[in-house]
Amino acid sequence: MVKKQILFLMGVSGSGKSTIGKLLADKLQFPFFDGDSFHPEANVKKMKEGHPLNDDDRQGWLEKLNEVGIENLSTGAVIVCSSLKQKYRTILGKNLANNHQFVYLEGSFELINTRLNERKNHYMPAGLLQSQFDDLETPLDALTVSIDQTPEDIVNHIIEKL
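The structure displayed is predicted, hence computed values, not measured ones.

### Brief notes about the overall build of the protein chain
- Each helix and strand counted, the protein chain has 7 helices and 5 strands in total.
- Each helix and strand of the protein chain, ordered N terminal to C terminal, gives the series β-α-β-α-α-β-α-β-α-α-β-α.
- The C-alpha atoms of the protein chain give a radius of gyration of 15 Å, which matches the 15 Å a tight globule of 162 residues would have.
- Principal-axis analysis of the C-alpha atoms gives the protein chain an extent of 40 × 35 × 30 Å.

Written as structure tokens, this is what we have:
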């Protein structure tokens, strides 16, 4: 049995955060939160126009996701968001003590670029993927899982490691 905690699924766009997060939350019976749905409209507009977000754009968004984590400490939760930099992960984990874990969904540029090009109706264009890889600070303290497996296998691997 996995303890009640806040699980942040992280990785670049197209790594499967939402798909894996929903399956994981369902299996653990934790609430699921898609971090993208908390972006202010200005951030969504900026990405739709093909511009990457900067640290200032992300600040309030990360603080809101941290609040969601704090509000769900008693039930546990799966929150998916890119969390590309260590300073972002610090904001997300603030006031969560030892009751949170980052799970890094790791994949190659080629694999993820193919997925993004096949994805329809998402505001994050494949053209911004390189900017996410450029910003990515690979976490040293996260549970790292390769996305080169089926979603079910990835979820089972995560639960096994938790």
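### Comments concerning the pairing of strand 5 (residues 143-146)
- Residues Leu 143 and Val 145 line the buried face of strand 5, whereas the alternating positions Thr 144 and Ser 146 sit on a face that is not buried.
- Alignment of strand 4 (residues 100-106) against strand 5, held across 4 bridges, turns out to be parallel. Bridging across to strand 5, Leu 105 finds its partner in Val 145.

### Describing the packing of aromatic side chains
- One pass over the full model with this rule turns up 2 aromatic pairs.
- Both rings, one in Phe 8 and one in Phe 102, keep their centres 5.0 Å apart while their planes meet at 20°; by these two values the pair is stacked. A residue pair is termed long-range when its members are at least 10 positions apart, and Phe 8 in strand 1 (residues 6-10) and Phe 102 in strand 4 qualify at 94 residues.
- For the ring pair Phe 109 and Phe 133, a centre distance of 5.6 Å and an interplane angle of 65° mean the geometry is edge-to-face. You can see Phe 109 sitting in helix 5 (residues 109-118) and its partner Phe 133 sitting in helix 6 (residues 129-135), a full 24 residues away along the chain.
- For Phe 109, a relative accessible area of 27% translates into the label partly exposed.
- Exposure remark for Phe 133: the relative accessible area of 22% places this residue in the partly exposed category.

Rules and cut-offs
- Residues numbered from 1 in each chain as written.
- Predicted model: local features only at pLDDT ≥ 70, side-chain atom pairs only at ≥ 80, totals over all residues.
- Heavy atoms only, no water.
- Helix = DSSP H or I, 4+ residues; strand = E, 2+ residues; numbered from the N terminus.
- Rg over C-alpha atoms; globule rule 2.2 N^0.38 Å.
- Buried < 20%, exposed > 50% of the residue type's maximum accessible area, 1.4 Å probe, protein only.
- Pairing = 2+ DSSP bridges.
- Phe/Tyr/Trp six-rings, centres within 6.5 Å; stacked < 30°, edge-to-face > 60°.

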